[in-house]
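Topology and contacts: notes
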Amino acid sequence: MDASTSLETHGEHHHEAGHEHEHHELGFWRKYIFSTDHKVIGIQYGLCGLVFLFLGFSLMMMMRWQLAYPGTALPIIGKWLPYIFGANSMPDGKMTPEFYNSLGAMHGTIMIFLGVVPLAFAAFGNFVVPLQIGAPDMTFPKVNAASFWAFAVGGVIMLVSFFVPGGAAKGGWTSYTPLSDISDKGPGFHLVMNGQSLWLIGFIFLITSSLLGAVNFITTIIQLRAKGLTWMRLPFFVWAQFVTAFLLLLAFPPLEAAIIMQLMDRTAATSFFLPAGMIVNGAPLHISGGGSPLLWQHLFWFLGHPEVYVLILPAFGIVGEILANNSRKPLWGYKSLVFSVLVIGFLSFIVWAHHMWLTGMGSTVSAFFQTTTLLISIPSVIILSAFFISLWGGSIRFNVPMLWVTAFLPMFGIGGLTGIPLAFNSADLYLHDTYYVIAHFHYIVAPGTIFGLFAGVYYWFPKATGRQMSEFWGKVHFWPSLICMNVIFLPMFLQGMLGMHRRWYDGGQGWTLSGEHIWGLTGFQWNTPISWAAWIMGLAQIPFIINFFWSIKHGKKVNDNPWEATTLEWTAPSPPPHGNFVTTPVAYRGPYEYSLPGREKDFTMQNEPVDPAERSRRMAEPALVH
Amino acid sequence: MNSLALINEFLGQPPNASEHGFQIDHIIEFAHWFMAALFIGWSAFFIFVLIRFHKSRHPKADHAGVKSGISTHLEFSCVLIEAVLLIGFAIPLWAKRVNEFPPTGDAVLVHVVGQQFNWTFHMPGPDGQFGHRNIDLVTNSNPLGIDPNDPAGKDDLVVLGELHVPVNRPVIIELSSKDVIHNFDLPHMRIAADAIPGSLIPMWFKPIKTGTYDVVCGQLCGLGHYGMKGTLVVDSPADYQAWLKERAELAGPQNAPPAANQQAPGAPKAENPAAKPEQKAAQPAASPSGQ
Amino acid sequence: MEIPYTISTRPDTGLWNAKVGIWLFLASEVMLFGGLFSAYVFLRLDAQPGEWPHGVLNVPIGTMNTAILIVSSVTVVLAWAALKMRRYRAYWWYMLATILCGIIFLVVKLTFEWPPKFSHYGVFLKPEAREKYEQYLGNHRREEKGLDPRIEITGHLENKEALTDSNIKEYEIAMDPANADPDNPSNDRAHFIPLPATDKIAKIEKEDVERIDSFGPWHSAYFASYFTITGLHGAHVLGGVLVFLYMWLPVSKKVYQRNPEHLANRVEVSGLFWHFVDLIWIFVFPLFYLL
Amino acid sequence: MNNPPDIAQDPAEHEEYAHGVQQHVSRYLMVGGLLLFFTLLTVALSYVDFGGFFSWLFHMHISPDGGRKLNITVAIIVAAFKASLVALIFMHLAAEKRLIYRVLIFTGFFVLGLFWLTYLAWYDPISR
Ligand code: HEA
Ligand code: HEA
Ligand code: CUA
Ligand SMILES: [Cu+2]
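Residues numbered from 1 in each chain as written. Chains lettered and ligands numbered in written order. Predicted model: local features only at pLDDT ≥ 70, side-chain atom pairs only at ≥ 80, totals over all residues. Heavy atoms only, no water.

A few words on the pattern of salt bridges. All names here are of chain A. This structure, assessed with the given rule, holds 22 salt bridges over all chains. Across the pair Lys94 and Asp92 runs a salt bridge whose closest N-O atoms are separated by 3.5 Å. The residue Asp184 makes a salt bridge to Lys170 at a minimum N-O spacing of 2.9 Å. With Asp184 in the loop between α7 (179–182) and α8 (195–223) and Lys170 in the loop between α6 (141–160) and α7, this pair connects stretches of sequence that are 14 residues apart. Here Asp184 matches Lys170 in class, with each residue buried. In the salt-bridge network here, residues are joined through shared partners; they are Lys170, Asp184 and Arg266. (Salt bridge = Lys/Arg side-chain N within 4 Å of Asp/Glu carboxyl O. Helix = DSSP H or I, 4+ residues; strand = E, 2+ residues; numbered from the N terminus. Buried < 20%, exposed > 50% of the residue type's maximum accessible area, 1.4 Å probe, protein only.)

This is how it looks when you write it as structure tokens:
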């Protein structure tokens, strides 16, 4: 690295520079709707993702009523819903089992594929990654736009599926065959316009979108890193996104294959997933047979497990950035963090059968998958340990992003740790498909990932808008959410241990085992506090929504680097102009040079050259060498 | 045996009623102790750090941070514990469950067939021979399509929804399904396995407590999934014989159980008529309205 | 700021952007077809004896199509090389040749390959009824030779109305040679050029029939995967043709005039895709046509 | 040949570069020929009864089923060879950059994982 290249440290004149860049004005449509600018696309993804999250949440709030008060009419909105979702969704406000199953399946699908992936991967990836690596844009801007529009189409198809005869997909987000293979079939069965088929078609679009995105991300990170930004100088967030992109790239296609096959089963009367000799409702199915129900599960979980790491890795990345920034010191064990993420990415391809323990798997194979599943938990342990240790010796400040991060760590911890009993097939024998599993992964995705995403929104909002979201309302958003999340999901562990199963339309009301008392309430009664907590958390989101939209126009104006961070995105003007940087950035140092000894500023940005004095000091103190 | 399982009871796990069950409880138990240790340890550290290094108390962060490799030891011990749980308990236990089935002689043999939305139990009767089943013969009165002119099938018992087994004798179950994937789950027996159309999955357990237990369907199988209940009654040997006798008489010459037992315990409550098996059976073949 | 390395290569990776992009895309394609082929393998390994048809596709046509794809692969690299040597005319002709190859491939598939299948029928006999039609199946001899049994009678369905009209009690099939002359060893393995259906008619009573299906995707796991995989492959061919068309049309000449290397890169990238499609076919051909 | 000289570079250099390409052309034609030849070869081989052939060769009994397996193996080997020709020569994998090898190695690994592990799960069922 040549320290001679002088860089004028950014300042007021950036804003002027920023204006200079807005000479060539594009029309509104090209600029904000059909834009190919990575920042605009990122924001488009972000807004859609948030809206879908909220939608997925709303479906769940309806389900929670049915679980707490089975068979009773949903007050107020209940009598209007039939007009939206069709007469046999909730006749006079009472939810039917079909509709409950639709809601469950779509809650899962929407939350994962239309909410978290677009927000965590596509939105933050698109907006932040090019800025953090000092690139003017993604390598393939047009492909990038195509990716977004494929996603939009997929999303619309998924939504439309609610309104076709028979309602949306009912087979769970896992769409196990034969159930979803034969679902909706019967008199008046339309090949395409039915829930399950639309689910499959919509998915093909979502997969296309993810593949295009993944190709773009990886190429960008490989090809467009700024001068001097070596691999070991990449912000942890970029690493997380890099691995995530690979997971999507290589894990999605087999599911795409499976989806094509299920679509063939439904439309072209093939039997990829149907064995011979099935009797449905007392009458034999007229099919060629010769298929295998388990084939679907293998192909689905080959994506399914990498997918769950797609849900968590970006959150890890965000947490890392914010943690370093607010403890004012480098991430502890940067190398081991990077290494762990790579190992997770690699192993996540060979653990999938831990979702299939009870499908009649012999001892050899299950031994193999138990081993890999436990192995993959180790890098997670390393990552969390590194995060905790990073805090030691810091000077911790609690702004809103940091609050979410502080909550993320233990919440993910609970979720992750409860994965361990599930990893032993003999223990999972008891826990499989109970609310214990539901609680396990919700602790990771809801108070885990979602909190991480909130943190990210609050943290990068100033970069996108030049304004900051209100700290006060941020806290009003944070505390109730934290409390409610735990009131929702902790009792689910109890319900699970009682033996209460998931996907129970009646919330376990009809079962003796859920009549057992635990901690003062019966398993079934626990549904009530859970549901109320869920609804209260719904209210707790209102301050966020208002804060979010209000701050875009009226939030407190801030400079380009309000958090006094070190990574390259903060050297660009806020909001960054088309082309991002005023002067091509050059990186001279590692990503987290906080509190370098012998400096008055407690943060040193990556593009600040190393002066001779400092270099000699570094030589003396290897601990500082990055 | 189960006394060790403190956490499990604390978390509400119902008492175990099968011979091997306590081993499964032990693994869950150990796992939870391990998790608790990690969680409490780290939480303590976490909270301490958050207070100790709050910027009001520690205005100037130090760049280097922790130098000792303590975390490495910690992670290594995690690996160790998990390895012990895995190699010491989990793998052998599973191997025993699936590789060492008890000899057929002294065991009770049952074929369990799942369908939307109830369980059908097929027992070989005195001769210990299962009658040949043929799907072309399936009717409402002959739900399994047992071949009437197969001598082995003459004395077979076919029971819907409620299975009786004698206490302290191993039960070997062979699982299959007529339509979609179900999961035959006996929480109190700490045993479960999928019932998959087109395949036959064996499982076994040995009940050690008499009583009446839930049989859960642990796999989403359609709109009646939540109501797909079965009952497992563990009888004293005497009661069991009595029950067999009674069933045999009910069954009479031909093995079809009387309509009385037809109404499936799995049928969901009245608020959703569509799910009643009687009605569903009436519908045309190609319409699995169960979906 | 412009996006760097769109045409020239980045020093440390030695690659330009689109080159990296296309290889990543191809990696995902490998996984896509990997998924389909693994499905093929397992369905085939699971197939019951006699369930997996052999020699039902037209090998000469398949061979020709394979040759066409190979030739097109050659012409496309030549087109690329021509650009590298800045010979636009030559490029234009090679590209045209490639496009034509692609189109011929699709036309052949959609005229000679797929349509005939839908008018060719297979009648699957109930196991108990097979003995009755021994003269068409020749299973005794096959059993001695240790060959898989024949479970269906294939040929041209003479009385199509029998499919719908329940008054007609039997199907009339103008049998393929294999069933017309089942004991002739020459019919034990596929013929290079499939012989047409004979005029020997088999009358098959409906109650002996398990099911009757044309050679569409619904006929068997074999045809299911055949239509799915070749269909998806065909879609890829079509996509490639469209891309090439764009690069062959005058619009691309402008790109060439601005910077020949730019067009050369585009051709190289799309060429890579085309070779991959060819490569897939290299496996499809033996798996479905020959084995 | 992943490093085409940019148009900006001096024509002399480009001349010799183009010459290099010229030499490749003949190789491409040869490979094309080989591929066609091997296509015909697989077709031919598929009509050879390897079961019979080997049982004659080694005086051992091979069931028709085993024979078919032999034919499958042979066909796959030939196909793999053809595929590698396409990949190495036409797709320039013979001389690619390290990065691309890395990507492909991982991909290959995961495809094998998909095949092999699913296969294992398939053929290690619980049975008594
Ligand atoms: C982001 C999502 C995510 C993540 C990261 C994980 C992580 C893990 N999951 Fe989970 N899992 C899901 C999402 C996720 N899972 C989902 C959605 C399902 C259900 C799918 C369905 O059926 O619908 C599921 C189901 C599931 C099953 C199947 C259960 C069943 O269906 O019967 C299993 C079984 O092995 C499993 C195991 C694991 C393991 C071992 C990990 C490990 O990677 C966990 C490693 C992490 C740790 C070990 C924590 C380490 C932390 C510390 C040591 C610090 C502790 C300190 C404090 C808390 C202060 N998961
Ligand atoms: C990322 C994945 C994800 C997330 C985040 C969640 C979040 C939640 N989930 Fe769910 N869930 C699944 C994935 C997820 N879930 C899956 C895969 C299943 C299995 C489905 C199946 O059975 O097939 C499931 C199933 C499931 C069940 C079991 C149903 C059953 O088995 O019958 C329950 C029950 O309570 C539940 C509850 C909740 C609750 C209360 C939340 C809450 O935590 C929700 C909290 C959400 C928010 C806080 C978002 C708020 C967003 C905003 C406010 C943004 C708005 C802003 C703007 C518009 C600017 N979920
Ligand atoms: Cu049967 Cu759920
Ligand atoms: Cu998993």
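Moving on, there is more to tell.
Along the chain, D:Thr39 turns up in helix α1 (residues 11–46). The exposure class assigned to D:Thr39 is buried, which follows from its relative accessible area of 2%. Of note is the side chain of D:Thr39, whose polar atom sits 2.7 Å from the backbone oxygen of D:Leu35. Ignoring anything within four residues of it in the chain, the contact list for D:Thr39 reads C:Thr63, C:Thr66, C:Ile70, C:Phe285 and D:Lys82. (Polar contact = N/O pair within 3.5 Å; in protein donor to acceptor, adjacent residues only side chain to side chain. Contact = heavy atoms within 4.5 Å.)

A separate point is the coordination of the copper ion (ligand 4). Residues and elements named next belong to chain A. Surrounding the copper ion (ligand 4) are the protein donor atoms His305 (ND1), His354 (NE2) and His355 (NE2), at 1.9 to 2.1 Å. In primary sequence terms, the donor set of the copper ion (ligand 4) follows H-x48-H-H. On the basis of relative accessible area, His354 is assigned to the buried category, the value being 14%. (Donors = N, O, S within 2.8 Å, 3.2 Å for Na, K, Ca; no water.)

Bringing the interface of chain A and chain B into the picture now. Opposite the 102 residues of chain A that make contact, chain B presents 95 residues. Summing both partners gives a buried area of about 8,600 Å² for chain A against chain B, and 71% of it is carried by carbon and sulfur. Inspection of the chain A/chain B interface yields zero salt bridges. Per-element accounting of the side of chain A that touches chain B gives the leading share, 14 residues, to helix α12 (residues 363–391) of chain A. Partitioned by chemical class, the residues of the side of chain A that touches chain B number 57 nonpolar, 33 polar and twelve charged. (Buried area = accessible area lost by both parts, 1.4 Å probe. Nonpolar A, V, L, I, M, F, W, Y, C, P; charged D, E, K, R; others polar.)

Another aspect to go through is the pairing of strand β4 (residues 201–205) of chain C. Residue and element names in this part refer to chain C. Alternating residues of β4 divide into Ala202 and Ile204, all buried, and Ile201, Lys203 and Glu205, none buried. Bridge count between strand β3 (residues 170–175) and β4: five bridges; the pairing is antiparallel. In the strand pairing of β4, Ile173 is matched with Ala202. (Pairing = 2+ DSSP bridges.)

So, about the confidence of the model for chain A. Looking at chain A as a whole, the pLDDT averages 91, with 95% of positions reaching at least 70. Below a pLDDT of 50 lies the segment residues 1–23 of chain A, which in the model reaches 32 contacts outside its immediate sequence neighbourhood of four places, other chains included. (pLDDT = per-residue confidence, 0-100.)

Turning our attention to the interface of chain A and chain C. If you look at the interface, chain A gives 41 residues, while chain C gives 38 residues. For the pairing of chain A and chain C, the buried interface totals around 3,000 Å² over both sides, and the portion due to carbon and sulfur atoms is 74%. In terms of surface lost to chain C, no three residues of chain A exceed A:Gln223, A:Phe272 and A:Ser288, which account for 19% of the buried area on that side. The tally of links from chain A across to chain C stands at zero salt bridges. Where chain A touches chain C, the interface holds five residue pairs in polar contact (both at pLDDT 80 or more). Among the elements of the structure, α8, α9 (236–267) and α10 (293–327) of chain A are those that each provide at least two residues to the side of chain A that touches chain C. Sorting elements by how many residues they give to the side of chain A that touches chain C places α9(A) first, with ten residues. Its residues placed into classes, the side of chain A that touches chain C shows 27 nonpolar, eleven polar and three charged.

All names here are of chain A. The protein gives the iron atom of ligand 1 a lone donor atom, His440 (NE2), placed 2.3 Å from the metal. Taken as a pair, the iron atom of ligand 1 and the copper ion (ligand 4) lie 4.4 Å from each other. Along the polypeptide, His440 turns up in helix α16 (residues 435–465).

Residue and element names in this part refer to chain A. Close contacts around ligand 2 come from 34 residues, with Arg64, Tyr100, His107, His442 and Arg503 the closest. Arg64 is positioned such that a nitrogen or oxygen atom in its side chain is 2.7 Å from an oxygen atom of ligand 2. A distance of 2.9 Å separates a nitrogen atom of ligand 2 from a polar side-chain atom of His107. Put simply, the parts of the chain that give the shell around ligand 2 at least two residues each are α3 (38–68), α5 (97–132), α16, α17 (471–498) and α18 (527–554). The residue makeup of the shell around ligand 2, split by class, is 25 nonpolar, six polar and three charged. (Near = heavy atom within 4 Å.)

What follows covers the packing of α8(A) against helix α1 (residues 17–46) of chain C. Orientation of α8(A) relative to α1(C), taken along the N-to-C sense of each, is 140 degrees, at an axis distance of 9 Å. It follows from the interaxial angle that α8(A) and α1(C) lie oblique. As α8(A) packs across α1(C), the resulting crossing turns out to be right-handed. Between α8(A) and α1(C), the contacting residues are A:Leu211, A:Val215, A:Ile218, A:Thr219, A:Ile222 and A:Gln223 on the first element and C:Asn17, C:Val20, C:Gly21, C:Leu24, C:Phe25 and C:Ser28 on the second. Of the residues belonging to the contact of α8(A) with α1(C), the class tally is seven nonpolar, five polar and no charged. (Axes fitted to C-alpha atoms, helices over the stretch in contact; angles between N-to-C directions. Parallel < 35°, antiparallel > 145°, perpendicular 65-115°, else oblique. Left-handed = near helix turned anticlockwise from the far one by under 90°.)

What follows is about the site of ligand 1. In the neighbourhood of ligand 1, 33 residues make up the surrounding shell, with A:Val308, A:Tyr309, A:Asp428, A:His432 and A:His440 lying closest. Per-site note: the chains with residues close to ligand 1 are chains A and B. A distance of 3.4 Å is found between an oxygen atom of ligand 1 and a backbone nitrogen or oxygen belonging to A:Ala423. With respect to ligand 1, the side chain of A:His432 contributes an N or O atom lying 2.6 Å from an oxygen atom. Elements with a contribution of two residues or more to the shell around ligand 1: α10, α12, α13 (400–417), α14 (419–423) and α16 of chain A together with α2 (21–52) of chain B. Looking at the shell around ligand 1, the element that brings in the most residues is α12(A), giving six residues.

Residue and element names in this part refer to chain A. Spanning 32 residues, α9 covers 45 Å between terminal C-alpha atoms, matching the ideal 46 Å at 1.5 Å per step. Along its length, α9 shows its largest kink, about 30 degrees, at Phe252, and proline Pro253 lies within four residues downstream of that point. By the criterion of burial, α9 is predominantly enclosed, with 30 of the 32 residues buried. In the stretch just after α9, Ala269 is the one whose phi turns positive, near 60 degrees. (Expected span 1.5 Å × (residues − 1). Bend = angle between axes of the 7 residues up to and from the residue.)

Two faces make up the sheet, and in a regular strand the side chains alternate between them. Residue and element names in this part refer to chain C. The element strand β1 (residues 121–125) is largely enclosed, with a buried count of five among its five residues. Bridge analysis of β1 against strand β2 (residues 152–157) gives four bridges, and the strand direction is antiparallel. Looking across to β2, one finds that Gly122 is bridged to Thr154. Both β1 and strand β5 (residues 209–214) contribute to a ladder of five bridges, which runs antiparallel. The residue of β5 that forms the bridge with Tyr121 is Ser214.

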